[in-house]
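Spelled out, the chains give:
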Amino acid sequence: MADQRMLQFVSVPRDMPEKRAPNLRKQDFNEIYAEYARAKAEEQAGRCSQCGVPYCQSHCPLHNNIPDWLRLTATDRLQEAYEVSQATNTFPEICGRICPQDRLCEGNCVIEQSGHGTVTIGSVEKYITDTAWEEGWVKSIAPSRERTEKVAVIGAGPGGLAAADALRRKGIQVTVYDRYDRAGGLLMYGIPGFKLEKQIVQRRIDQLVEGGVKLVLNCNVGEDITFEQLRQEHDAILIATGVYKSRDLRGPGAGAEGIVRAIDYLTASNKVSLGDTVAEYESGELNAKDKKVVVIGGGDTAMDCVRTAIRQGATSVKCLYRRDKANMPGSQRETQNAEEEGVEFVWLSAPKGFADQDGKVSGVMVQKMRLGQPDASGRQTPEVIEGADYVEDADLVVKALGFEPEDLPGLWGQPELEVTRWGTIKADFRSHETSLPGVYAVGDIVRGASLVVWAIRDGREAADSILAKLDEAAAASVAAE
């Protein structure tokens, strides 16, 4: 019977969950996709071809067992589907919402390559775990025995929380330190609610706290507590700070009022959505209402910024990108959503400076570009078209040019903590241990700005390495007695 419900791609078309109309969804910060109904989830999961070599699984950083949980969903064995999904992914309902499936699992689906339209893997993944929460299938963190070893995690983003979850389930005493007033990192403050509603993140944080993970918030390591203190008080340390230093733009007028960083803009918007009062939002500094907005950049952060500006009531929103649409690094799905909501994309355009009036930005000086020869990565290099400059009017300019690592060895007084030439922390590819014994690092602070799913993978792997080292030390201690 199970086999009869699969391989339905030849007769059943691909069908995403219903998407709210642009004129409705741009009025609020709620998620734009509806939930699958049970029958529709089973139908869409049944389109899976159950291929012998599942490229969806091999192209997932977590190597999720996608064909199996699709088959279990299609055959009305949803609780088992959840258990298979949760076995390899700490936060499947989050990945189902924000992973760029078009570049990972769905983009490599065999039936997509054959022209039948990919299986809607992300939407089914989201449905499985949302249902698990509703049905009470999500188990509390309840270690079978408590251990005395202590681990400090610096950074409450996806990598740090995934590691904390894995360590705590083995009875390790885990404390997570974070500079912000809420845990979650970019899941809470960087990604807007229309992609990831905050109660979804908070639900996981509450699960960790109820399971015994301690959170120390509003704590800046290097200022409120020293790194050396943490090393003395814990058996291992995991660095999962992410990368928060924004890449900058130079040029005439770069210091004008009204030119802001994407991270500041998105954090303010998310805090307001969470009910906080943000002075910079109230003053209009980080608020797009009634303004002509220009966002510079072509990645997922830029898409988050333009779609936020639409919802804040901007009079116009334009996105400047120096390459064309085909060469954008961000998700094509997000670009389409932005276009539907009224964002205008200005392709092959790069800023060379800013116009201002009385110190306030009034426009972006734009150079028109063309694509030349491919560079070392294979992407065509943008070249300036001489004499085609113009000024794009703007009252608010958001710089979404990516992120770089902070100087952690300098900030923490740890010159022995080795970094790469890009400033990211050097860590062993498999164990994630750094040049400092007992200190591990995961996520963007090692990889550079990357995906949430990679941070989760790193966090889980590092937790395994830390556990192995602690077990080894415990065994040596017993043997010595």
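Please refer to the structure placed before this passage.
Residues numbered from 1 in each chain as written. Predicted model: local features only at pLDDT ≥ 70, side-chain atom pairs only at ≥ 80, totals over all residues. Heavy atoms only, no water.

## Things to note about the pattern of salt bridges
For clarity, the threshold we go by: The term salt bridge refers to a side-chain nitrogen of Lys or Arg lying within 4 Å of a carboxyl oxygen of Asp or Glu. Here a strand is any run of E in DSSP of at least two residues, a helix any run of H or I of at least four, and the numbering for each starts at the N terminus. Accessible area is worked out with a 1.4 Å probe on protein chains only. A residue is then buried under 20% of its type maximum, exposed over 50%, and partly exposed in between.
Summed over all chains, the structure comprises 40 salt bridges. A salt bridge links Asp15 to Lys40; the nearest nitrogen and oxygen atoms lie 2.8 Å apart. With Asp15 in the segment before α1 (22–25) and Lys40 in helix α2 (residues 38–45), this pair connects stretches of sequence that are 25 residues apart. For Asp68, the salt bridge goes to Arg71, with nearest N and O atoms at 3.7 Å. In this pair, Asp68 and Arg71 both sit in helix α4 (residues 66–74), three residues apart, roughly one turn of the helix. Residue Asp68 is classed as partly exposed on the basis of its relative accessible area of 28%. Looking at Arg71, the relative accessible area reads 23%, which means it is partly exposed.

## As for the packing of aromatic side chains
As a reminder, the rule being used: Classification of ring pairs uses Phe, Tyr and Trp, with its six-membered ring standing for Trp, and accepts pairs whose centres are within 6.5 Å; under 30 degrees between planes counts as stacked, over 60 as edge-to-face, and the remaining range as tilted. Counted as over-ring charges are cases with an Arg CZ or a Lys NZ within 6 Å of the ring centre that also lie within 35 degrees of the ring normal.
All told, the structure shown has five aromatic pairs when counted by the stated rule. Measuring from ring centre to ring centre gives 5.0 Å for Phe345 and Trp347, while their planes differ by 10°; the resulting arrangement is stacked. A residue is classified by how much of its surface remains accessible, and Phe345, at 11% relative accessible area, is buried. On the basis of relative accessibility, which here comes to 21%, the residue Trp347 falls in the partly exposed class. What links up through ring pairs into an aromatic cluster is the set Tyr180, Tyr189 and Tyr244. The ring of Tyr189 has Lys271 lying over it, and the distance from NZ or CZ to the ring centre is 5.3 Å. Directly above the ring of Phe194 sits Arg311, whose terminal nitrogen or CZ lies 4.1 Å from the centroid.

## Some thoughts on the nonpolar core
The test is simple: Think of a nonpolar core as a cluster: buried Ala, Val, Leu, Ile, Met, Phe, Trp, Tyr and Cys residues, connected wherever their side-chain atoms sit within 4.5 Å. Contacts are assigned to residue pairs that have any heavy atoms within 4.5 Å of one another.
Residues Phe227 and Ile239 are the most contacted members of the largest nonpolar core, which totals 68 residues. Broken down by element, the residue count for this core peaks at eight residues, all from helix α19 (residues 452–480). If sequence neighbours within four positions are ignored, Phe227 has contacts with Ile154, Val221, Ile237, Ile239, Trp412, Gln414, Leu436 and Val439. Within the second largest apolar cluster, 28 residues are counted, among which are Ala302, Cys305, Ile310 and Tyr321.

## Looking at the sheet that holds strand β9 (residues 344–346)
Put simply, the test is: Should DSSP find at least two bridges between two strands, the strands are regarded as paired. Angular values range over 0 to 180 degrees, each being the angle between N-to-C directions of two axes fitted as lines to C-alpha atoms, with helices fitted over their stretch in contact.
Judged by pairing direction, the sheet is parallel, and its five strands sit side by side in the order β6-β14-β7-β8-β9 without closing on themselves. With partners counted over all chains shown, the strands left at the sheet margins are β6 (259–261) and β9, one partner each. The mean inter-strand angle of the sheet, taken between neighbouring strand axes irrespective of direction, is 25°. Here three bridges tie strand β8 (residues 316–320) to β9, and the two strands are oriented parallel to one another. Looking across to β9, one finds that Leu320 is bridged to Val346. Its contacts with the sheet place helix α13 (residues 262–273) against β6 and β14 (396–399), and it is angled at close to 75° to β6.

## Looking at the pairing of β14
The side chains of a regular strand alternate between the sheet's two faces. Side chains Leu396 and Val398 of β14 all project onto a buried face; the interleaved residues Val397 and Lys399 project onto the opposite face, where all are buried too. Note that β6 and β14 share three bridges and pair parallel. Paired with Ile259 across the two strands is Val397, which belongs to β14. Here strand β7 (residues 292–296) pairs with β14 via four bridges, running parallel. Considered in β14, the bridge of Ile296 is made with Lys399.

Distances and angles like these do not, on their own, reveal function.
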